[in-house]
Amino acid sequence: MQSLSLTKEQLQQMIAHVDSHAPLEACGLLAGIDSKVETVLEVTNQAQSAVRFVMDPIEQLNAFEWIESNGQELIGIFHSHPTGPETVSPTDIADAAYAVVYVILARVDNNWRARGFWIKDGEYDEVTLLVIE
């Protein structure tokens, strides 16, 4: 996937979610069709860690069921790096289990910055995030 489209409101929802949980990492799922985000689904970080996220399995399962029953697909996973880096970490690479865009929100100069990545076979490439009005 070369790019992921999302609205300014969807980006703001993700930022509000991760900001409200800082300094711990926060996470969630992005549902949509093709490469267009339709729904942001917030999921609890069961790890309650500043450097790692583990999605609550019940919430994750419920979100997967919601996505399927609403005719959408899992197209992204988002999580925060409250203290950086603003790129993929070795843990992110090791834990990447889905063929989706991984959106990382990192705090840079007190502002959240979102970047997308495609992780496959221990490697990653940046994916353009297209924020539409």
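Residues numbered from 1 in each chain as written. Predicted model: local features only at pLDDT ≥ 70, side-chain atom pairs only at ≥ 80, totals over all residues. Heavy atoms only, no water.

Attention now moves to helix 2 (residues 57-69). Over its 13 residues, helix 2 runs 18 Å from end to end, which matches the ideal 18 Å to within 8%, given 1.5 Å per residue. Listed as buried for helix 2 are Q60, A63 and I67. Mapping the buried residues of helix 2 onto a view down its axis gives an arc of 60 degrees, with all of them on the same face. Among the exposed residues of helix 2, those oriented more than 90 degrees off its buried face are I58, E68 and S69. (Helix = DSSP H or I, 4+ residues; strand = E, 2+ residues; numbered from the N terminus. Expected span 1.5 Å × (residues − 1). Buried < 20%, exposed > 50% of the residue type's maximum accessible area, 1.4 Å probe, protein only. Arc of directions from axis to C-beta.)

A full pass over the atoms with the stated rule returns six salt bridges. E38 is paired through a salt bridge with K36; the nearest N and O atoms lie 3.6 Å apart. Look at E38 and you get partly exposed, because its relative accessible area is 38%. For K36, a relative accessible area of 37% gives the class partly exposed. For E86, the salt bridge is made with R113, and the minimal N-O distance between the two is 2.7 Å. Residue E86 is found in the loop between strand 4 (73-81) and helix 3 (90-95), and its partner R113 is found in strand 6 (residues 111-120); the two are separated by 27 residues along the sequence. What makes E86 partly exposed here is its relative accessible area of 22%. The exposure class of R113 is partly exposed, given its relative accessible area of 42%. Connected through salt bridges with shared partners, the residues E86, R113, R115 and E126 form a single ionic network. (Salt bridge = Lys/Arg side-chain N within 4 Å of Asp/Glu carboxyl O.)

The next subject is the pairing of strand 6. Relative to strand 6, strand 5 (residues 101-108) runs antiparallel, the two being bridged by eight bridges. In the sheet register, L105 faces strand 6, and the bridge partner there is A114. Remark: two residues form the turn of the hairpin made by strand 5 and strand 6, two consecutive strands paired antiparallel; D109 in that turn has positive phi of roughly 50 degrees. In this sheet, strand 7 (residues 123-132) lies alongside strand 6 in antiparallel orientation, the contact comprising five bridges. For K120, the partnering residue across the bridge sits in strand 7 and is E123. In textbook terms, the turn of a hairpin is the stretch between consecutive antiparallel strands, and for strand 6 and strand 7 this stretch comprises two residues, one of which, D121, has a positive phi near 55 degrees. (Pairing = 2+ DSSP bridges.)

We now examine the pairing of strand 2 (residues 27-33). Judged by how many residues are buried, strand 2 sits mostly within the fold: six of seven residues are covered. Relative to strand 3 (residues 36-43), strand 2 runs antiparallel, the two sharing seven bridges. Paired with G32 across the strands is V37, a residue of strand 3. In this antiparallel pair of consecutive strands, strand 2 and strand 3, the connection spans two residues, and D34 shows a positive phi of 55 degrees. Bridge analysis of strand 2 against strand 4 gives six bridges, and the strand direction is antiparallel. Along strand 4, the bridge assignment pairs A31 with L74.

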